[in-house]
Amino acid sequence: MSNRVPEDDEVKRERAADKAAERARLVAHRGLATWGEKLVPLGDFRRAAAESGSVLTPAQRAAAGEALLAQCEDSTPIEGPYDRIAVCGGIYNNHLALAAFLDRARAEGAEALYCLGDLGGFGPSPEKVWPLLVDAEVRVNQGNYEQSLASGREDCNCGYTDPRDNHFARLSYEYTARGCSSDFKSWMGQLPARRRVLVGDRELLLVHGSPRRVNEFLFETATSTAYLEGLLDQEGADGILCTHSGLHWHRRLPSGRDLVNVGVLGRPANDGTPRVWYAVLESTSDGLGVHLTPLDYDHQALAAEMRSEGLPPEFIATIEGGWWTTCLEILPAKERGRGRF
Amino acid sequence: MSTPNVSLSSLDTLWFQVAGTVCNLACTHCFISCSPTNHTHEMMDLATVRTYLEEAATLGVKETYFTGGEPFLNPDMEAILEAALAFGPTSVLTNGLLLDPERCRRLSGLSERSDYSLDLRVSLDGYTAEEHDAIRGAGAFGRALEGIRNLHSAGLNPVITVTEVYDENGSVAGKQRFFDLIAGLGITRPRLKMMPVFQIGAEAERHAAYESWQRLSETDTPEGGWDHLQCSNSRMATGQGVWVCPILVNEPSGKMGERLADTLGDFPLGHSACWTCHVYGVSCRT
Ligand code: SF4
Ligand code: SF4
């Protein structure tokens, strides 16, 4: 921290000796508690802690619990019902994968198409995805990328620890920000953050990161079942569809409800293949059918376009080889362990 | 100036002071002054941890974190981790001294048998023995590196936690030195977590305590509220009740109740440490 005042040597030595003596006292204590910056008898600490432990009355406790659950007042209109929908996640400027998704989803008989946001970043020529989305009447959620671009933020606000990750995050954000017209950006600004869609009799909540935060990562090995059941209770939904983390997964919960991370079209799933992923949801006789679906597309053409746009070789290697090379620090231990880097 | 209150917007992260304040080191920057003889908080046993885990499940907790003191001094630690991993993703903050090859193999087994991630976070304060041991005691650096190597050989990829005790640790070049150090141990997927220092506990004596202006008031309340503070989405369970956060466990006033359900209300941000949390945007999560 930068607010330290330089001391002369003698003062420094004295202070060091004082500190060492204090330290020795601290280490030697038994029956003493460390209370803030003081040493006090352990009994005093325990007594004070017991007193300040403000145990709520059962009525207060119930009220606090309900207040926590009741924070979500959601007036989102409900779309559908549909028998089958197709949902994609982050596109990251990958217009070729988007075009392939649109063809496939139509051929598979999807009645409505959704995209959960993060249109930009990573890939080439940001504006190209816009007419594809509009012409195909894809219903798009606002992701954190759209939020940042529409509000004119100077960065994507990823806040990585690794200077290398920060470098690449900034680079792709600036490239995308330069390549989007102001019309495109204001279109992004009016996208909704959440949608509710009926598939058969199941009401699904469509969000970008999580129902709580647009930039919350929901990874398979870092999300407890209890948490997901709690979210679904709070939202009064039968299922949640999300993206943002970049890796697809599905969990059918003990209650029979579903969490589906639809993955992303923008880059492969860190599995050593160039495929990308989306989800098809359909009404079945016993409820909801969830199909996470791999998609092949002309990734070599995309790589060539990225090269001619001067995008970093690290990004192109991911598109071609299927392994993530950047922004890896968001991955939990297990997901990280499955990749090459 | 009135003290602002933070409300709990959701209980996502449950911490456990699983080893109490007992540690096999007595680092000069430890903000809760842990040491071999500090019994302000005692170790938690499996039954107590289980009770909190069961309550956490009813409250929709997303993940658990274990800290101390040194968690692996707790004789129940591996059984506790097994219980936690059945519930959800689990992280352990350790000084790395007790990570011998056999233990690392057992931890790796626990991780493999769970659907969730087990993260071991090992603290390094300097990237040389001289710097690290000046804070943590002679020999600590070598043993921590050995622990990191043992984790790696057992197939567990630790997160290295670096405290910004040395000004340069937090700089771009400083971080790079730690990445290089980890890479030098043969770890190909390096993971790093930076932490600022809290000027309380032993750190107050090592360096400097807070000054009176370093406190939050109502007028500091950001536009979006206090949701960036970890006390808006986490709690700390100890052997003697539930505290507001992992930082204020040595403040009796940080205690909020006996059960998690007692602690879902507001908390006043009246401590100087709250100032650090706000100004430096601290989260103890990985
Ligand atoms: S900083 Fe960690 S290792 Fe050091 S004394 Fe405190 S709890 Fe123990
Ligand atoms: S120390 Fe930090 S986490 Fe704890 S109550 Fe204060 S602001 Fe919240």
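Every value quoted in this text rests on a predicted model; they were computed, and no experiment measured them. (Residues numbered from 1 in each chain as written. Chains lettered and ligands numbered in written order. Predicted model: local features only at pLDDT ≥ 70, side-chain atom pairs only at ≥ 80, totals over all residues. Heavy atoms only, no water.)

(A) Spatial organisation of the overall build of chain B. Along the backbone of chain B there are eight helices and eleven strands. For a compact globule of 286 residues, the expected C-alpha radius of gyration is about 19 Å, and chain B comes in at 18 Å, within 12% of that figure. Principal axes of the C-alpha set define a box for chain B whose edges measure 50 × 40 × 35 Å. The buried share of chain B, taken over its 286 residues, is 66%. In chain B, 73% of the contacts between residues at least 6 apart in sequence involve partners at least 24 apart. Surface accessibility of chain B: about 9700 Å² in total, with carbon and sulfur atoms responsible for 51%. Once the 21 positive and 35 negative side-chain charges of chain B are each reduced to a mean point, those two points are 5 Å apart. (Helix = DSSP H or I, 4+ residues; strand = E, 2+ residues; numbered from the N terminus. Rg over C-alpha atoms; globule rule 2.2 N^0.38 Å. Buried < 20%, exposed > 50% of the residue type's maximum accessible area, 1.4 Å probe, protein only. Contact = heavy atoms within 4.5 Å. Areas by Shrake-Rupley, 256 points an atom, 1.4 Å probe, with all protein chains shown as cover. Lys, Arg positive; Asp, Glu negative; His and termini not counted. Charge placed at Lys NZ, Arg CZ, Asp CG, Glu CD.)

(B) Local environment of the interface of chain A and chain B. Taken together, the contact between chain A and chain B spans 61 residues of the former and 72 residues of the latter. A buried area of about 5200 Å², summed over both sides, lies between chain A and chain B, and 50% of it is on carbon and sulfur atoms. Taken together, the links from chain A to chain B amount to four salt bridges. The shortest N-O distance in the salt bridge between Asp12 of chain B and Arg213 of chain A comes to 3.2 Å. On the surface where chain A and chain B come into contact, there are 26 residue pairs in polar contact (both at pLDDT 80 or more). For the side of chain A that touches chain B, the secondary-structure elements that each account for two or more residues are α1 (9-28), β1 (32-35), α2 (42-52), α3 (58-69), α9 (225-235) and α12 (333-338) of chain A. Residue classes in the side of chain A that touches chain B are distributed as 26 nonpolar, 16 polar and 19 charged. (Buried area = accessible area lost by both parts, 1.4 Å probe. Salt bridge = Lys/Arg side-chain N within 4 Å of Asp/Glu carboxyl O. Polar contact = N/O pair within 3.5 Å; in protein donor to acceptor, adjacent residues only side chain to side chain. Nonpolar A, V, L, I, M, F, W, Y, C, P; charged D, E, K, R; others polar.)

(C) Local environment of empty space enclosed by the protein. Residue and element names in this part refer to chain B. As enumerated under the stated definition, the model contains two cavities of 30 Å³ or more in all. When its volume is computed, the largest cavity comes out at roughly 580 Å³. In terms of lining, the largest cavity is formed by 29 residues, of which the most central are Cys30, Phe31, Thr67, Ser123 and Arg136. Elements with a minimum of two residues in the lining of the largest cavity: β2 (13-17), β4 (90-94), β5 (118-124) and β6 (159-163). The residue makeup of the lining of the largest cavity, split by class, is 16 nonpolar, ten polar and three charged. What lines the second largest cavity is Leu229, Gln230, Cys231, Val244, Cys245, Ile247, Leu248, Phe267, Leu269, Ala273, Cys274 and Cys277. Looking at the lining of the second largest cavity element by element, the count peaks at three residues for helix α8 (residues 272-280). In the lining of the second largest cavity, the residues fall into eleven nonpolar, one polar and no charged. (1 Å grid on protein atoms, 1.4 Å probe; cavity = no way out; pocket = protein on both sides within 12 Å on 5 of 7 lines; lining within 4 Å. Points joined across faces, edges and corners; volume = space filled by probe spheres on them.)

(D) Examining the pairing of strand β13 (residues 287-295) of chain A more closely. Residues and elements named next belong to chain A. Where strand β12 (residues 276-284) meets β13, nine bridges bridge the pair, whose relative direction is antiparallel. By the bridge assignment, Leu281 is partnered in β13 with Val290. From the end of β12 to the start of β13, which pair antiparallel, there are two residues. (Pairing = 2+ DSSP bridges.)

(E) Seen up close, the state of the cysteines. Residues and elements named next belong to chain B. One pass over the full model with this rule turns up zero disulfides over all chains. Its sulfur unpaired, Cys284 is 6.9 Å from the next cysteine sulfur, which belongs to Cys277. Cys284 sits in the buried class, given a relative accessible area of 4%. (Disulfide = S-S within 2.5 Å.)

(F) Looking closely at the sheet that holds β13 of chain A. Residues and elements named next belong to chain A. Strand order in the open sheet formed by five strands is β6-β5-β4-β12-β13, with mixed pairing between adjacent strands. Of all strands in the sheet, those bounded by a partner on one side alone are β6 (139-140) and β13. Sheet analysis places strand β4 (residues 84-88) next to β12, joined by four bridges and oriented antiparallel. Residue pairing for β12: Val87 is matched across the bridge by Ala279. The sheet strands contacting helix α4 (residues 95-107) are β4, β5 (112-115), β12 and β13, and the helix crosses β13 at an angle near 135°. (Axes fitted to C-alpha atoms, helices over the stretch in contact; angles between N-to-C directions.)

(G) Broad picture of the site of ligand 2. All names here are of chain B. Around ligand 2, the neighbouring residues are Leu229, Gln230, Cys231, Cys245, Leu248, Phe267, Leu269, Cys274 and Cys277. When atom positions are compared with the pocket grids, ligand 2 is found to occupy the second largest cavity. Class assignment for the residues of the shell around ligand 2 results in eight nonpolar, one polar and no charged. (Near = heavy atom within 4 Å. Sits in = over half its atoms within 2 Å of the grid points.)

(H) Summary view of the pattern of salt bridges. Within the structure shown, the criterion is met by 28 salt bridges over all chains. When the shortest N-O distance is used, the salt bridge between Lys128 of chain A and Glu305 of chain A registers 3.0 Å. Taken together, the residues Lys128 of chain A in the loop between β5 and α5 (129-135) and Glu305 of chain A in helix α10 (residues 299-308) connect sequence positions 177 residues apart. Notably, a salt bridge pairs Asp258 of chain A with Arg252 of chain A, separated by 2.7 Å at the nearest N-O pair. You can call Arg252 of chain A partly exposed: its relative accessible area is 44%. It is possible to trace a salt-bridge network through shared partners that takes in Arg212, Arg213 and Glu216 of chain A together with Asp12 and Lys62 of chain B.

(I) Local environment of the site of ligand 1. Residue and element names in this part refer to chain B. The environment of ligand 1 is made up of Cys23, Leu25, Ala26, Cys27, His29, Cys30, Cys34, Gly69, Asn95 and Arg136. Counting atoms within 2 Å of the grid points, the majority share of ligand 1 lands in the largest cavity. Its residues placed into classes, the shell around ligand 1 shows six nonpolar, three polar and one charged.

(J) Here's a closer look at the nonpolar core. By size, the foremost hydrophobic cluster in this structure holds 55 residues, and its most contacted members are Phe16, Phe66, Leu107 and Leu124 of chain B. At seven residues, the largest contribution of residues to this core is made by helix α2 (residues 77-87) of chain B. Each residue touching Leu124 of chain B, except ones within four places of it in the same chain, is listed here: His132, Phe141, Ala144, Leu145, Ile148, Ile160, Thr161, Val162, Thr163, Phe178 and Leu181 of chain B. One finds Ala97, Phe101, Leu191 and Val276 of chain A within the second-largest nonpolar core, a separate group that totals 45 residues. (Core = buried A, V, L, I, M, F, W, Y, C linked by side-chain atoms within 4.5 Å.)

(K) Expanded view of the confidence of the model for chain B. Mean pLDDT over chain B works out to 92, with 99% of the residues at or above the 70 mark. Predicted complex metrics record ipTM = 0.90 and pTM = 0.90. (pLDDT = per-residue confidence, 0-100.)

(L) A look at the packing of aromatic side chains. Counting across every chain of the model gives 15 aromatic pairs over all chains. Judged by centre distance (6.2 Å) and plane angle (85°), the rings of Trp35 of chain A and Phe45 of chain A are edge-to-face. Taken as a pair, Trp35 of chain A in strand β1 and Phe45 of chain A in helix α2 lie far apart in primary sequence, ten residues in all. Residue classification places Phe45 of chain A among the buried positions, given a relative accessible area of 0%. Taken together, a centroid distance of 5.9 Å and an interplanar angle of 50° make the contact between Trp130 of chain A and Trp187 of chain A tilted. On the criterion of sequence distance, the pair formed by Trp130 of chain A in helix α5 and Trp187 of chain A in helix α8 (residues 182-189) is long-range, its members being 57 residues apart. Each member of the pair, Trp130 of chain A together with Trp187 of chain A, is buried. Among the aromatic residues, those joined into a cluster by ring pairs are Trp35 and Phe45 of chain A together with Trp243 of chain B. (Phe/Tyr/Trp six-rings, centres within 6.5 Å; stacked < 30°, edge-to-face > 60°.)

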